[in-house]
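Next come the chains, spelled out residue by residue.
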Amino acid sequence: MKAILIVPALNEAAVIGDLVRRVPRGAVAEVVVVDNGSTDATAAVAREAGARVVSEPRRGYGAACFAGVGALPSDAGIAVFIDADGSQHPEEIPLVLAPVLAGRADLVLGARRLHGRHPAHAAAGTRLVARFVAWRWRVPISDFGPLRAIRADLLQRLNMRDRASGWPVEMVVKAAVLGARILEVPVSHAPRLAGRSKVSGTLRGTIGAGYGFLSAALRAARDV
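First, a word on what this report is: a plain description of the structure on this page. This is a predicted model, so every value here is computed, not measured. (Residues numbered from 1 in each chain as written. Predicted model: local features only at pLDDT ≥ 70, side-chain atom pairs only at ≥ 80, totals over all residues. Heavy atoms only, no water.)

All right, on to the overall build of the protein then. Scanning the protein from N- to C-terminus turns up 8 helices and 7 strands. Sorting the 224 residues of the protein into buried and exposed places 56% on the buried side. Accessible surface, the protein: about 10100 Å² in total, of which carbon and sulfur atoms supply 55%. (Helix = DSSP H or I, 4+ residues; strand = E, 2+ residues; numbered from the N terminus. Buried < 20%, exposed > 50% of the residue type's maximum accessible area, 1.4 Å probe, protein only. Areas by Shrake-Rupley, 256 points an atom, 1.4 Å probe, with all protein chains shown as cover.)

With mixed pairing, 7 strands are arranged side by side in an open sheet as E3-E2-E1-E4-E6-E5-E7. Looking at which strands have only one partner, the edges of the open sheet turn out to be strand E3 (52-55) and strand E7 (182-187). Neighbour to neighbour, the strand axes of the sheet diverge by 25 degrees on average, direction disregarded. Where strand E1 (residues 3-9) lies against strand E4 (residues 78-81), 4 bridges are found, and the strand directions are parallel. When the sheet's bridge partners are listed, isoleucine 6 is paired in E4 with phenylalanine 81. Lying over the sheet, helix H3 (residues 61-70) contacts E1, strand E2 (30-35), E3 and E4, oriented at roughly 150 degrees with respect to E1. (Pairing = 2+ DSSP bridges. Axes fitted to C-alpha atoms, helices over the stretch in contact; angles between N-to-C directions. Contact = heavy atoms within 4.5 Å.)

For the rest of this paragraph, the subject is the pairing of E3. Where E2 meets E3, 4 bridges bridge the pair, whose relative direction is parallel. The residue of E3 that forms the bridge with aspartate 35 is serine 55. Regarding the hand of the β-α-β motif, the stretch spanning E2, helix H2 (residues 42-48) and E3 is right-handed. (Right-handed = clockwise from strand over helix to strand, strands pointing away.)

Positive phi, close to 55 degrees, is recorded for arginine 138, a residue that is not glycine. Within the fold, arginine 138 resides in the loop between helix H5 (120-137) and strand E6 (148-151). Of note in the backbone geometry, asparagine 159 takes a positive phi value of approximately 50 degrees without being a glycine. Tracing the backbone through its elements, the reader meets asparagine 159 in the loop between helix H6 (152-158) and helix H7 (167-177).

To continue, consider the pattern of salt bridges. Once their charged atoms are close, side chains differing in charge can pair, the charge on each being opposite to the other. Counted according to the given criterion, the structure contains 12 salt bridges. For aspartate 75, the salt bridge goes to lysine 2, with nearest N and O atoms at 3.2 Å. Here lysine 2 lies in the segment before E1 and aspartate 75 lies in the loop between H3 and E4, a separation of 73 residues in the sequence. For lysine 2, a relative accessible area of 31% corresponds to the partly exposed category. A salt bridge links glutamate 30 to arginine 52; its shortest N-O distance comes to 2.6 Å. Of the two residues, glutamate 30 sits in strand E2 while arginine 52 sits in strand E3, which places them 22 residues apart along the sequence. Residue classification places arginine 52 among the partly exposed positions, given a relative accessible area of 31%. (Salt bridge = Lys/Arg side-chain N within 4 Å of Asp/Glu carboxyl O.)

Moving on, we come to the packing of aromatic side chains. Applying the stated criterion across every chain, the model contains 3 aromatic pairs. Taking the centre distance of 6.1 Å and the plane angle of 45 degrees together, the rings of phenylalanine 132 and tryptophan 135 count as tilted. Residue phenylalanine 132 and its partner tryptophan 135 are located together in helix H5, separated by 3 residues, close to a single helical turn. In this structure phenylalanine 132 comes out as partly exposed when scored by relative accessible area, which is 27%. When its relative accessible area of 56% is taken as the criterion, tryptophan 135 is described as exposed. Here the aromatic cluster, defined as three or more aromatic residues joined through ring pairs, consists of Phe132, Trp135 and Trp137. The ring centre of phenylalanine 66 lies 3.7 Å from the NZ or CZ of arginine 163, which sits over that ring. (Phe/Tyr/Trp six-rings, centres within 6.5 Å; stacked < 30°, edge-to-face > 60°. Lys NZ or Arg CZ within 6 Å of the ring centre and 35° of its normal.)

Here you go:
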């Protein structure tokens, strides 16, 4: 089954080239970097490293992911997502791909092992929302990690609408409502290598993100 890696990126020129080059050879058929309106050389660096670059000037994590999905080739069987900031390890892409390739899951989430490297308030907020989603929709999750793999046919059925930070939550909730098989696998997590997170960088941002996640979850359930 052909897997394509989608990497939403905004001003990640300092790290995007290394990330693209570290993707395990043979794990995915192609790396698609979505330049989300960068003002630096993100697009040029990604292209030089071997990625196909798609431009999405409308800002928003979900907007970038949606553009990446729109760029999937017709024969893509799996879409893989990873952040461009260096906080996840591309070497672990095979871990999230394995259950889908084996036919044991339709959506696999990389659950981050935070170990104190993530701000305490951000970790608590993410885990709290994940716990609510796990309880409400009976899915075995503890995190909404950005490293994930999903069957392309399921992704198309989800009719994703969120164009901001609620995209990861919407994907999980809609997949759960449709009865998809969802699994988690543990993955590493490191401090961001580029920039500062607008979501987890401050307590205020984390509270806002938590509210946004819950709102996205409830909207997603109504939208299926």
